[in-house]
Amino acid sequence: MAKNQHNEPSEKEPGELTDSTPVLPRTYGSLLGSNSAPKKEWPELVGLTPEEAGRKIKEDMPRAQIQVVQANSFVTMDFNQGRVRLYLDPSGKVQRPPRIG
């Protein structure tokens, strides 16, 4: 019988890559290399004007549909993943943290 010509160990060390192990880039599953989850709420925008708040939200979520809600206004209760509502106080500043929905 012929001896095995390969000098490979029969067992791999834990965590060792094999030829069949896919190597994925570190950015797999995230947008443009960010290592954090996408923002869903912007508490730092409370007290800003709707224009300033909308500009900052668009930096994080360029496709967001910004909806400005005046004080004492009614809104629908539907959830929209692409919408961020800015609830304003009577002076026209953002009253509560804007969030997706």
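For the structure given in this document, a descriptive report is provided here. Nothing here was measured: the structure is a model prediction, and the numbers come from that model.

### So, the packing of aromatic side chains
One pass over the structure, following the stated rule, counts zero aromatic pairs. Across from the ring centre of tyrosine 87, 3.7 Å away, lies the NZ or CZ of arginine 96, which sits over that ring.

### Side note on the nonpolar core
Counting residues in each nonpolar core, the largest one holds eleven residues, listed as Trp42, Leu45, Ala53, Ile57, Met61, Ala64, Val84, Leu86, Leu88, Val94 and Ile100. Among the secondary structure elements, those contributing two or more residues to this core are α1 (50–60) and β2 (83–87). Sequence-distant contacts of valine 84, that is, excluding residues within four places in its chain, are made with Trp42, Ile57, Met61, Ala64, Gln65, Ile66, Gln67, Pro98, Arg99 and Ile100.

### A look at the pattern of salt bridges
If you walk through the whole model with that rule in mind, you get four salt bridges. Salt-bridge contacts for aspartate 60 lead to lysine 39; the nearest nitrogen and oxygen are separated by 4.0 Å. Here the residue aspartate 60 occupies a position in helix α1, and lysine 39 occupies one in the segment before α1, the gap between them amounting to 21 residues. A relative accessible area of 42% means that aspartate 60 is categorised as partly exposed. Overall, the relative accessible area of 33% leaves lysine 39 in the partly exposed class. Note that aspartate 78 and arginine 83 form a salt bridge whose closest N and O atoms lie 3.6 Å from each other. The network of salt bridges with common partners includes Lys39, Glu44 and Asp60.

What counts, and at which threshold
- Residues numbered from 1 in each chain as written.
- Predicted model: local features only at pLDDT ≥ 70, side-chain atom pairs only at ≥ 80, totals over all residues.
- Heavy atoms only, no water.
- Phe/Tyr/Trp six-rings, centres within 6.5 Å; stacked < 30°, edge-to-face > 60°.
- Lys NZ or Arg CZ within 6 Å of the ring centre and 35° of its normal.
- Core = buried A, V, L, I, M, F, W, Y, C linked by side-chain atoms within 4.5 Å.
- Buried < 20%, exposed > 50% of the residue type's maximum accessible area, 1.4 Å probe, protein only.
- Helix = DSSP H or I, 4+ residues; strand = E, 2+ residues; numbered from the N terminus.
- Contact = heavy atoms within 4.5 Å.
- Salt bridge = Lys/Arg side-chain N within 4 Å of Asp/Glu carboxyl O.

On their own, these measurements won't tell you what the molecule is for.
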